[in-house]
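Listed here are the chains, written in short residue letters.
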Amino acid sequence: MPGLVQLSELARHCRKLSTLSVVHASPTAYLPVVNRQNQFKTCLREKESLSCGIYWSLKDHPNPQVSCFFQKGFSEITEGIVGKALHAFCVTGVIQPDTFHTNTLINMYSKFDSIKYAQNVFDKMLDRNEASWNNMMSGFVRVGRYHEALQFFRHMCEHGIRPSSYAVASLVTACDRSGCMIEGALQIHGYVIKCGLMSDVFVGTCLLHFYGTYGQVSEVNKLFGDIDEPNIVSWTSLMVGYADNGYIKEVIDIYQHLRRIGLYCNQNTMATVIRTCGVLGDKTLGYQILGDVIKSGLDTSVSVANSLISMFGNCDSAEEAGCVFDNMKERDTISWNSIIAASVHNGHFEESLGHFFWMRQTHTETNYITISTLLPLCGSAQNLRWGRGLHGLVVKSGLESNVCVCNSLLSMYSQAGESGDAEFLFHTMPERDLISWNSMMASHVEDGKCPRAIELLIEMFQTRKGMNYVTFTTALSACYNLAKLRIVHAFVILFGLHHNLVIGNALITMYGKFGLMGEAQRVCKIMPMRDEVTWNALIGGHADNKEPNAAIEAFNLLRKEGVPVNYITIVNLLSACLSPYDLLEHGMPIHGHIVVAGFELDTYVQSSLITMYAQCDDLNSSNYIFYVLANKNSSTWNSILSANAHYGPGEEALKLIAKMRNDGVQLDQFSFSVALSIIGNLTVLDEGQQLHSLIIKLGFESNDFVLNAIMDMYGKCGEIDDVFRILPQPRSRSQSEGRADDDAALSDFLASLMDYTPTIPDELVEHYLAKSGFQCPDVRLTRLVAVATQKFVAEVAADALQHCKARQATIPKDKRDKQQKDKRLVLTMEDLSKSLREPTAQLFLACCFVPSLEKKIVIVADR
């Protein structure tokens, strides 16, 4: 039916055009006419009444698209049906078009995305000129058939046709838009140089944009210098190239230069400059450019207003962004997306959803950018329900096949801790790009599933997926042993990414984590560029590996290179000081530098100073620094609490806990963990139970760190029953799924041991295992033995405590009264021996097959 309607409409237009006062003449042989002017002269000279009648009737036609046909051809046609009607007269011979009219006909069909009709007209042309070839090639570019445009260009060259500068420019645009024709663009660049078109403003501008898109800023500078008379479009392309590649200052410099030379900036130029101000976060500069916008009358431009909204949003000025949005007379989808993004950037969750609701009520189009902008705000446990609602809208709108939306959903579920949902979404995505793989790898790393992240990297290799520096940075952070780190490092070198700054920083960090500071230094030396992150990673690695002299040496090299020092540098340096000698040699001079450089007011530096003096056996200085602080926060409180807990009397640390509660300082997971550790060491069960009640009241009982500390505290106090009481209960399972669940639970448990530090050090366990003839290269098994031994020792200690209490009960009352002042119970070897003779302990010892293990466990317990 639509085809019949279209045909009837075409017939109606043909009838309208055929209502002409025509005087029929005898038929004459058709002679093709090359020139329109010659045709009209011939028409007048030979008195051909048919052609002349059509000419005057078309010229006087009420439709302006028709009346200008003989002067402008099909170039003014805005309705496809009218153009087809005129073409019908040409086909039937009523109108005899010349080459000019046929060229405009090709252009018209290209404009209406009817490239097949355009190609058919071109193929049937008997007389083609350069414009015919150029229009056909531009038509392929216009409809997005970029490969065919390149093939057509080669066909032109074979026929000796010289493309115009407009055609070459459109061909460069085709290579730019396709994203996969880089080699073709380089060949065209060579052709441009050969033909001497480099100075042409259109060709030069398109090449500028192409090289800017692919990050070749040096080529952009050379190309711009070759343009004879750059116009505002050329300047704007140069600014876009700089902006897209992070050269923000250069964009502002160009804008100031344009103002000095008096060149008028159009709306695209202003939009680029405004976006650059948003990246800089320079609100003052933004207001100055806003003044220029108002002066030039571009404040009514939708694209300029959209850029202003984005700029104010990035400058944390959501109010100003809303003011610009509210005063817009016309809004497009980008306007709505910009105001939603501004609200999201400033953390205004309700306002973002309000704008989204308003958009759906008043604006028909909601695209994938709208949803992708909102989803990051839902990446938390409390906002996840809104994210799930948006996920439902994605499915309803048919956007679940959009890679960008799926990537945003992937990040949202990962940030909200729903790694299972993230992985399910990843495996059901119809198409995955590099961001999808990188996001899934990062999700596994954040969730502690490092082996799974490495498996994804292997899968990417097997499926020949493209990789970038983000892929390998994530993979490096997932390396849970030295062998994996060396393998990933080898792949980094193979892919030629070893000079990348971000990857270099990650390599230094990971080698420092595994104690190979020599490798970290070698990576640092071969890096072509080093920033403050590089030096902080190196200094932090030396500090973690207890190499204060090397840390100070790295700090001196940092200052020689003129790299700015930040608070992280100072914190890493302070953590390297571990002894009184280090305090005198390095710690106090660093403290002096802190005062001179103005870092003494930084909270993190204050906390690190407290910790440094304490671990260097100068707790008095730690207490002094803390008490003279004008503004104490939870970080400094936790630092002085930890200092007193580890390097001072535990009773003082408990007093600090009480003072924190009295002063209204909010206790966090660190405060509770330290306090529980102190209580366990002092075995004051009453205090521990009171603190446990407070933890439950404040909702910290689900925190893994706090839960482990509670269990450790009860274990040290001998209350093993309470330890088992607060252990999470396993869920009930059917027999069919039991084995699969057990395997999954075992895998998760072994993976979690990578991030767990048992009370018994790995080195000690490895030593006794080696003495027993057992070599264990897997650190997870080593820690599993440590955890099992720790549990066994805790049970033995609890049983020994019961024997001690029973022994105390047999002491005569008069002797017991003398011991009432000291409420602590003293365990003896007799209590320990009785405990080890219990059936449970004997069963454990029998399963170990280690000679004289009783003696070894006593040694471990003493350690």
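In short, a report on the structure. Quick caveat: nothing in here was measured; it's all calculated off a predicted structure. (Residues numbered from 1 in each chain as written. Predicted model: local features only at pLDDT ≥ 70, side-chain atom pairs only at ≥ 80, totals over all residues. Heavy atoms only, no water.)

## Here we look at unusual backbone geometry
Positive phi, close to 60°, is recorded for D316, a residue that is not glycine. You can see D316 is positioned in the loop between α19 (302-314) and α20 (318-326). At D617, a position not held by glycine, the phi torsion is positive, near 65°. Along the chain, the position of D617 falls in the loop between α37 (603-615) and α38 (619-627). (Helix = DSSP H or I, 4+ residues; strand = E, 2+ residues; numbered from the N terminus.)

## Overview of the packing of aromatic side chains
Enumeration over the complete set of coordinates arrives at 18 aromatic pairs. Aromatic side chains F672 and F700 sit 5.3 Å apart centroid to centroid with 55° between the ring planes, which places their arrangement in the tilted category. Taken together, the positions of F672 in helix α41 (residues 669-682) and F700 in the loop between α42 (685-698) and α43 (704-716) put the pair 28 residues apart, joining distant regions of the chain. Three or more aromatic residues joined by ring pairs form one cluster here, namely F122, W133, F140 and F152. Over the face of the ring belonging to F112 we find K111, whose NZ or CZ atom lies 5.5 Å from the ring centre. In this structure, R432 packs its charged tip against the face of F426, placed 4.5 Å from the ring centre. (Phe/Tyr/Trp six-rings, centres within 6.5 Å; stacked < 30°, edge-to-face > 60°. Lys NZ or Arg CZ within 6 Å of the ring centre and 35° of its normal.)

## Comments concerning the nonpolar core
Ranked by size, the top nonpolar core spans 205 residues in total, and within it I289 and I371 carry the most contacts. What I289 contacts, discounting residues up to four positions off in sequence, is Y255, M270, V273, I274 and C277. Core analysis: the second largest hydrophobic core is formed by 6 residues, I760, L764, V765 and A786 among them. (Core = buried A, V, L, I, M, F, W, Y, C linked by side-chain atoms within 4.5 Å. Buried < 20%, exposed > 50% of the residue type's maximum accessible area, 1.4 Å probe, protein only. Contact = heavy atoms within 4.5 Å.)

## Quick notes on the pattern of salt bridges
Applying the stated criterion to the full structure yields 13 salt bridges. Salt-bridge contacts for E423 lead to R452; the nearest nitrogen and oxygen are separated by 3.2 Å. Here the residue E423 occupies a position in helix α26 (residues 419-428), and R452 occupies one in helix α28 (residues 450-462), the gap between them amounting to 29 residues. Residue K655 pairs with E652 through a salt bridge whose shortest N-O separation is 3.5 Å. Of this pair, K655 and E652 both sit in helix α40 (residues 650-662), 3 residues apart, which is roughly one turn of the helix. (Salt bridge = Lys/Arg side-chain N within 4 Å of Asp/Glu carboxyl O.)

## So, the environment of R145
Within the secondary structure, R145 is located in the loop between α9 (130-142) and α10 (146-158). As a C-alpha pair, R145 and A174 span 29 residues in sequence and 8.2 Å in three-dimensional space. Engagement of the side chain of R145 in a polar contact is seen with the side chain of E148, the distance being 2.8 Å. (Polar contact = N/O pair within 3.5 Å; in protein donor to acceptor, adjacent residues only side chain to side chain.)

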